[in-house]
Amino acid sequence: MTEETVLREDQQEIELEPVGAVKAEGQSVRVTRRTFLSGLGATGLMVTAPLAASASATTANGAAAATAGKTHVVLKVNGEEHDLGMLDSRATLLDTLRERLYLTGTKKGCDHGQCGACTVHVDGRRVNSCLTLAAMAAGKDVTTIEGLGIPTRMHPMQAAFVEHDAYQCGYCTSGQIMSAVALMKEPIGESDGEIKEAMAGNICRCGAYPNILAAVKQVRGQMKNS
Amino acid sequence: MTVSTTGTAPETMTGATAEAAGAAASQHGIIGRPVARIDGPLKTTGTAEYAGDFHLPWMAFAVPVQATVGKGTIRSLDVTAAEAVPGVLAVLHRGNMERLYRAVPNDPNATVSETRPAFEDDRIYYWGQYVALVVAESLEQATAAAAVVKAEYAAETPEVSRELEPFAGKWNTVSTRGTVDAAFAAAAVKVDQTYGTPAETHNPIELHATVAVWDGDRVTFYESTQGVVNHRNAMAQILGVPRENVTVVTKFLGSGFGGKLFPWPHCALAAVASRKLQRPVKLVVTRTMMFSNVGHRPVTEQRFRIGASADGKLVALRQDALNHTSLVDSFDEGCGEATGYLYSVPNLTVASALVGRNVGSPMAMRGPGAVPGLFAMESAMDELAVALKMDPVELRLKNDATVDESNGRKFSSRHLRECLETGSAKFGWKQRTPQVGSMRRDGKVLGWGMAAASWGAYRFACATTVDLNADGKARVRCATQDVGTGLYTIFAQVLAEKTGLPFERIEVLLGDSSMPEGPLSGGSWSTATVLPAVAEAADGAIASLLSIAASTPGTPLAGADAKTLRMTEGRVHRATESAGLPSAGVPFEAVLQAARLNGVSADGRSGSVFEDPKARDLSMHSFGAQFAEVEWEPEIARLRVSRVVTVIDAGRIINPRAGANQIRGAVVMGVGMALLEETVYDRRNGQPINGNLADYLMATSADAPEIDVTFLDYPDFALNSYGARGIGEIGLAGVAPAIASAVYHATGVRVRKLPIRIEDLMQA
Amino acid sequence: MQSFSFSKAQTVDEATGLGGRYIGGGTTLVDLMKLDVETPKTLVDVTGLPLAAVEKLPDGGLRIGALVRNSDLAFDPTVKAEYAVLSEALLSGASAQLRNMATTGGNLLQRTRCPYFRDTSYTNCNKRNPGSGCAAMDGHNRMMAILGTSEDCIATHPSDMAVAMTALEATVHVQGAKGKREIAIGEFYKLPGTTPNVENALEPGELITHVTLPTPRRGSKQVYLKLRDRASYEFALASAAVVAETSGGHVRYVRVALGGVGTRPWRAHEAEAALVGKPATAEHFRAAAEAALKGAKPQTENGFKVELAKRCMTRALTMATA
């Protein structure tokens, strides 16, 4: 999940005990003690070893074995399989990503499909992860914002968002970008109005919509020209 | 003189920027340049960490239980079912929780949003008030357990009515001059109307979140706050621990709009649960709680009386403004914020009063006071223009003020006239025909309206530290926080300007209360506040570096008079050498290495504008003009805002790219304020009945009009050496009244009570 | 959300044999489970069933599998070309993300947005607790229904898709323990009456397998018009689905259904009767709209919906006959 293993001075290694998941060997997280920001940026907390050490117990669909209130779930996120063991069946994909896989780029804004902050791709299509049960995403390809690009190697849409200042606080941004990337493959029209309508499921309280529109249009233009 | 931006065309600043050069030399030109924000790569990759993103080992999850009555007393609380839910670690409530103290009243450095700590007594003051807290191993378990806590209440009928009149309480005179009532009575043309704005909910998309973790008697909060220092101070008082034992970290904030200025009761609850369980605890409030427990813009009801001569000169202006507040706090919205100085009028009175309601405590929301106040005043001005048969722009121009008539002070910098004229030209206002419904395009009726805008300019105390390090990096530290608008980048721009280093070699560390104390993020004062402090710290660190360069043997600069040395593009060199040449001098880190130093540091401080002799006798405000176009289809009662032209006079804009984005965003919020937003309280139990994002409507991308932003560029050096004021609030001011006036122009319906709804327009 | 056991079915028979609540896209069910309005003990994931196809039928009609996602249905070439009202209705609903999740069968069973239904702290909801009363009647009722209401319930049916399907006279096909049966969409939704807890004609355990649409009427024009406060991502205040055929300036065939105003997708039979054979003029459209809304019973805050629905319908008829 991360490229470097050397800790900076302001980080410490601590043992990780994920709740509700089988503990994999050698898990650790790095916790940053201070706010740190540079032009390239730095992450404060990363999982330094894959959470899923073993995927031996997977079933065909990844979620067939069920007991009272729990389901064995293996999630494939950003190309990597994560065996969550016997997972609480109530766990949404959003809470599982955030609280168990520590992929916190996906945000919770309303928890009811009313804001779009939690947008991820499931089998290439954008969905609200807050209304998706993790057990129902098992066996499918889940892509989150972390799977698109990293600060030093951004996806063209991420780069376009930076260039056009297509965010302010950044909280809804992951969802906006996941929507924008998915939109590229959807059969919608060319006009600004059609793009705005297609992006209407992602609320930005900071109101960066004009800049988001500009970013989306730029990447659409690039794709057409390439 | 001006540079405008539509969409995301590259912004540049020209004209008066040159005036600024003398005061704050920007040899690298990075101040005022539309640079990309440095946190972009983190925010667009999901790497930026917000409070709720923090994870700690053995962390437990807390979910509050909310009261389901709006007034009454808790008769009984049965937590047995909740405690029996697998994974539940504790159910805290008044009967078993350790004591929470109140924060010291009126301590300006330890302000809280809601005076009453959670569970302090058995009374219920508003719907949704916390009555218990469930902590469990997982979020799912805690949520399920919270749902089975059984509370019984002796319920009473709450008072939540949006109607604030009739009001029989005591009025407070905010501002007065002349004899307003007599002047109004004698005026040739009058407007006497009452305007209302609803309860609005801040609704940042980031939910308020607290992760609290104790280490012995020390506690750390990973917190969503607009003020890490204030939060630390308040938490120390509430938890009864020394201030030094509390650390508050806010690396990124998913915006706040005022709602996250000060702590709310849930913050201390998370800490208490964490202390009891000796485990880190995460508490993220739900969207429903965002409507009841973490503030809102209060309902306002404002009677405006404006009298003018027949030729449109104001002779009397009276504002009587009510706002609702909670029963545990007295929150004054301050609707008269802009009334006293915006126009020239000899007779004026502004009075205000509070009306208690069974609602959670209100809290400042973007442009508090001025935004609802200007909705009322600018709507009344539009009505006056109609009554006078006078162009509304002309009416404003005719009554432009040259001094602040509320206190007789000079304005530090006021260009409202140019805002109005520029906006009028850019909008094409001259083509407007004043008759209702007289303009059409593509089969739709067009309405054009406008309003003036204003917001105060402030600077508060700030300390920062700048380090120049032997690793070749410059670093600045400040216990303030970037609420999402670009403060990280502002710091980086100043440091880049001073040191000549590229952003890659600049580190900005914010959002940690243990760093030098910086300002709250509110009131549009962050930029104006931090700029001088960073500049001073950078100058100090550079002076220290140059002195070391002059006195350190082994560098080519040894023995030079430090006064003859400069730091340019990261290199230390003699002033006589051409800056920027690779041959000129040495890299600054080489100096430090030669001196065997890790680095040099210096502190910088700026003081409050209220203690600044140069500034305190001036009236300092930003100004603006909003021009709005609506499209109206009466056959289907469909109204949409199609175009907004905004002209802002906010001093020098440090980063026009981020600045224009902020103004556009404020206009979008203004569309919501005008047409969509209202928190509706069920009158039977006081519940915000539309407390979710499907029923409380905020503008979507499809609602965003075409927006044209222009910054006038008049640096205000009375406020700071960079001439920057602030832009967080002013973009919202004036948008709603401009739209309401446009709606009148299109439909003939004057809506005086926001939001403007379809049903209001059905009569047209 | 309360605990439940989860299983995944691979065939329709397996699903109907498992005896639990079916879950497709989850956009309504998970939402309501989070509110504890829905508390299934067992959840059966039916998304693996082979019901995700849109197929032309030999008779010229269309068969839509219950698991066809809203977005796929909206963008289906046949639907776009021959059932435009359905495509438009789907695309006017929710958001792109929700449309990617929501299924045809699930959307037919979408439940009301009534805030008093959605909050279990109101014990008085006849839909949730039969016989307990109705908190909405005397509450915030701006979004509530004005047609098909009863003394016991005024909750609005929220779907756009079902409104279009009502105008298209769709048939709902279900399968349960007693076998397969089909239900005309006009019979599928129940008026609240004294039993608002009974929302549709499904028997316990029955699963919607597919929907069929009749052959599109040759020469007809279709329109879906949705009116709301916000430009997008909002439920309707009023909507109208119209399928109309005109010749010689006269209305020969017309089907009208209204959304956002009824306790169920509202077929405007009175309007249709008033229009057939009449000149396709604004006066007749308005008269038809008056007929459709004649029985409207507004509450304290939603009186405007009566006129709004009329304007909506009039405009949709104008567009469909232009």
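1. Quick word on the overall build of chain B
Then step 1. When you go through chain B residue by residue, the secondary structure sums to 18 helices and 31 strands.
Then step 2. Over its C-alpha trace chain B gives a radius of gyration of 27 Å, about what one expects of a compact globule, namely 27 Å for 764 residues.
Then step 3. Overall size of chain B, expressed as C-alpha extent along the three principal axes, is 85 × 70 × 50 Å.
Then step 4. The 764 residues of chain B split such that 69% are buried.
Then step 5. A separation threshold of at least 6 residues defines the contact pool for chain B, and within that pool the share at least 24 residues apart is 80%.
Then step 6. Total accessible area on chain B stands at roughly 23,200 Å², and carbon and sulfur atoms take up 51% of it.

2. Quick notes on the overall build of chain C
Then step 1. Tallying secondary structure elements over chain C gives twelve helices and twelve strands in all.
Then step 2. For chain C, the C-alpha radius of gyration of 19 Å lies close to 20 Å, the compact-globule estimate for 322 residues.
Then step 3. Along the three orthogonal principal directions, the C-alpha set of chain C runs to about 60 × 50 × 35 Å.
Then step 4. For chain C, the proportion of its 322 residues judged to be buried stands at 63%.
Then step 5. The long-range fraction of contacts in chain C, counting pairs at least 24 apart against all pairs at least 6 apart in sequence, stands at 64%.
Then step 6. Here chain C has roughly 11,400 Å² of accessible surface; of this, 52% comes from carbon and sulfur atoms.
Then step 7. Distance between charge centroids for chain C: 3 Å, based on 37 positive and 32 negative side chains.

3. Some thoughts on the side chain of Thr300 of chain B
All names here are of chain B.
Then step 1. Mapped onto the fold, Thr300 is located in strand 14 (residues 300-308).
Then step 2. According to the relative accessible area criterion, Thr300 is buried, its value standing at 1%.
Then step 3. Within the structure, the side chain of Thr300 is placed 3.1 Å from the side chain of Gln302, a separation counted as a polar contact.
Then step 4. For Thr300, the contacting residues outside a window of four places in its chain are Leu164, Tyr195, Gly196, Thr197, Leu322, Asn323, Glu333, Cys335 and Pro372.

4. What about helix 4 (residues 139-146) of chain B?
Then step 1. For helix 4 of chain B, a buried count of seven out of eight residues is recorded, marking the element as mostly surrounded by other parts of the structure.
Then step 2. Leu139, Glu140, Gln141, Ala142, Ala144, Ala145 and Ala146 of chain B are the residues of helix 4 of chain B that are buried.
Then step 3. As for helix 4 of chain B, its buried residues are in contact with strand 6 (80-88) and helix 1 (93-100) of chain A together with strand 2 (60-66), helix 3 (80-83), strand 4 (88-93) and strand 6 (130-136) of chain B.

5. Comments concerning the sheet that holds strand 9 (residues 189-197) of chain B
Residues and elements named next belong to chain B.
Then step 1. Sheet architecture is open: five strands sit in the order 8-16-15-14-9, paired in mixed fashion. Each edge of the open sheet carries a strand with a single partner, namely strand 8 (172-177) and strand 9. The sheet shows a mean angle of 10° between the axes of neighbouring strands, direction not considered.
Then step 2. Bridge analysis of strand 8 against strand 16 (residues 347-356) gives five bridges, and the strand direction is antiparallel. In the strand pairing of strand 16, Asn172 is matched with Ser352.
Then step 3. Running over the sheet, helix 10 (residues 370-388) touches strand 9, strand 14 and strand 15 (314-325) and is turned about 150° from strand 9.

6. Here we look at the packing of aromatic side chains
Then step 1. Counted under the stated rule, the structure contains 21 aromatic pairs over all chains.
Then step 2. Relative to Phe623 of chain B, the ring of Phe411 of chain B has its centre 5.9 Å away and its plane inclined at 85°; by these criteria the two rings are edge-to-face. Pair noted here: Phe411 of chain B is in strand 18 (residues 409-411) and Phe623 of chain B is in strand 29 (residues 621-633), with a separation of 212 residues, a long-range link. Comparing Phe411 of chain B with Phe623 of chain B, the two get one shared label, buried.
Then step 3. Considering the side-chain rings of Phe427 of chain B and Trp429 of chain B, the 6.1 Å spacing of their centres and the 45° angle between planes classify their relative orientation as tilted.
Then step 4. Within the aromatic cluster, the residues linked to one another by ring pairs are Tyr171 of chain A together with Tyr50, Phe252 and Tyr488 of chain B.
Then step 5. In this structure, Lys190 of chain B is placed above the aromatic ring of Phe184 of chain B, and the distance from its NZ or CZ to the ring centre is 5.4 Å.
Then step 6. Arg750 of chain B extends its terminal NZ or CZ atom over the ring of Tyr744 of chain B, reaching a point 4.2 Å from the ring centre.

7. Some details on the packing of helix 4 (residues 173-183) of chain A against helix 6 (residues 209-225) of chain A
When two helices pack together, their arrangement is given by the angle between the helix axes and by the axis-to-axis distance.
All names here are of chain A.
Then step 1. Two numbers describe how helix 4 lies on helix 6: the axes approach to 10 Å, and their chain directions differ by 35°. Crossing handedness for the pair helix 4 and helix 6: right-handed. On helix 6, the residues touching Gln176, Ala180 and Leu183 of helix 4 are Tyr209, Ile212, Val216 and Arg220.
Then step 2. Within the contact of helix 4 with helix 6, the residues separate by chemical class into five nonpolar, one polar and one charged.

8. Focus: the sheet that holds strand 2 (residues 21-23) of chain C
Within a beta sheet, neighbouring strands are joined by backbone hydrogen bonds and run either parallel or antiparallel to one another.
All names here are of chain C.
Then step 1. Here we have three strands laid out as an open sheet, ordered 1-3-2, and parallel in their pairing. A single partner strand is all that each edge strand has here, and the edge strands are strand 1 (5-8) and strand 2. In this sheet, adjacent strand axes meet at a mean angle of 30° when their direction is disregarded.
Then step 2. Judged from the three bridges that link them, strand 2 and strand 3 (residues 42-45) form a sheet pairing that is parallel. Within strand 3, the residue paired with Ile23 across the bridge is Asp45.

9. Description of the nonpolar core
Residue and element names in this part refer to chain B.
Then step 1. Leu384 and Ile739 are the most contacted members of the largest nonpolar core, which has 263 residues in total.
Then step 2. Setting aside chain neighbours within four positions, we find Ile739 in contact with Ala628, Val630, Val641, Gly670, Val671, Ala674 and Leu675.
Then step 3. Residues Trp214, Val241, Leu261 and Ala273 belong to the second largest nonpolar core, which totals 51 residues.

10. Here's the deal with the interface of chain B and chain C
Then step 1. Taken together, the 35 residues of chain B in the interface contact 30 residues of chain C.
Then step 2. For the pair chain B and chain C, the two sides together bury roughly 2,800 Å², of which 50% comes from carbon and sulfur.
Then step 3. Contact with chain C buries area across many residues of chain B, yet Ile636, Arg684 and Met762 of chain B alone supply 20% of it, more than any other trio.
Then step 4. Our enumeration of links across chain B and chain C arrives at five salt bridges.
Then step 5. Measuring nitrogen to oxygen at the nearest pair gives 2.6 Å for the salt bridge that ties Arg142 of chain C to Glu759 of chain B.
Then step 6. Taken together, the residues of the side of chain B that touches chain C sort by class into 18 nonpolar, six polar and eleven charged.

11. Focus on the interface of chain B and chain A
Then step 1. Across the contact, 84 residues belong to chain B and 70 residues belong to chain A.
Then step 2. Summing both partners gives a buried area of about 6,200 Å² for chain B against chain A, and 58% of it is carried by carbon and sulfur.
Then step 3. The interface formed by chain B and chain A includes six salt bridges.
Then step 4. The tally of links between chain B and chain A comes to 33 residue pairs in polar contact (both at pLDDT 80 or more).
Then step 5. The element best represented in the side of chain B that touches chain A is helix 16 (residues 656-675) of chain B, accounting for eight residues.
Then step 6. Along the lines of polarity and charge, the residues of the side of chain B that touches chain A split into 41 nonpolar, 27 polar and 16 charged.

12. Brief notes about the domain arrangement of chain B
All names here are of chain B.
Then step 1. Looking at chain B, the domain boundaries give domain 1 (25-47 + 460-607), domain 2 (55-158 + 205-255 + 260-292) and domain 3 (300-398 + 410-458 + 615-761).
Then step 2. Each of domain 2 and domain 3 has a C-alpha centre, and the two are 36 Å apart.
Then step 3. At the interface, 21 residues of domain 2 touch 23 residues of domain 3.
Then step 4. Interface of domain 2 and domain 3: buried area, both sides summed, is about 1,700 Å²; carbon and sulfur atoms make up 66% of it.
Then step 5. The tally of links between domain 2 and domain 3 comes to zero salt bridges.
Then step 6. Where domain 2 touches domain 3, the interface holds three residue pairs in polar contact (both at pLDDT 80 or more).

13. Considerations on unusual backbone geometry
Residue and element names in this part refer to chain B.
Then step 1. In the segment running from Glu165 into Pro166, the intervening peptide bond is cis, with an omega of 0°.
Then step 2. Following Leu754, the chain continues to Pro755 via a peptide bond in cis, the omega torsion being -10°.
Then step 3. One non-glycine residue, Phe257, lies in the positive phi region at around 60°.
Then step 4. Tracing the backbone through its elements, the reader meets Phe257 in the loop between strand 12 (246-249) and helix 7 (265-277).
Then step 5. Of note in this structure, Ser524 is not a glycine but carries a positive phi near 65°.
Then step 6. By secondary structure assignment, the location of Ser524 is in the loop between strand 23 (506-510) and helix 14 (526-551).
Then step 7. You can call Ser524 buried: its relative accessible area is 13%.

Reading the values: rules and limits
- Residues numbered from 1 in each chain as written.
- Chains lettered and ligands numbered in written order.
- Predicted model: local features only at pLDDT ≥ 70, side-chain atom pairs only at ≥ 80, totals over all residues.
- Heavy atoms only, no water.
- Helix = DSSP H or I, 4+ residues; strand = E, 2+ residues; numbered from the N terminus.
- Rg over C-alpha atoms; globule rule 2.2 N^0.38 Å.
- Buried < 20%, exposed > 50% of the residue type's maximum accessible area, 1.4 Å probe, protein only.
- Contact = heavy atoms within 4.5 Å.
- Areas by Shrake-Rupley, 256 points an atom, 1.4 Å probe, with all protein chains shown as cover.
- Lys, Arg positive; Asp, Glu negative; His and termini not counted.
- Charge placed at Lys NZ, Arg CZ, Asp CG, Glu CD.
- Polar contact = N/O pair within 3.5 Å; in protein donor to acceptor, adjacent residues only side chain to side chain.
- Pairing = 2+ DSSP bridges.
- Axes fitted to C-alpha atoms, helices over the stretch in contact; angles between N-to-C directions.
- Phe/Tyr/Trp six-rings, centres within 6.5 Å; stacked < 30°, edge-to-face > 60°.
- Lys NZ or Arg CZ within 6 Å of the ring centre and 35° of its normal.
- Left-handed = near helix turned anticlockwise from the far one by under 90°.
- Nonpolar A, V, L, I, M, F, W, Y, C, P; charged D, E, K, R; others polar.
- Core = buried A, V, L, I, M, F, W, Y, C linked by side-chain atoms within 4.5 Å.
- Buried area = accessible area lost by both parts, 1.4 Å probe.
- Salt bridge = Lys/Arg side-chain N within 4 Å of Asp/Glu carboxyl O.
- Domains from an automatic or database assignment.

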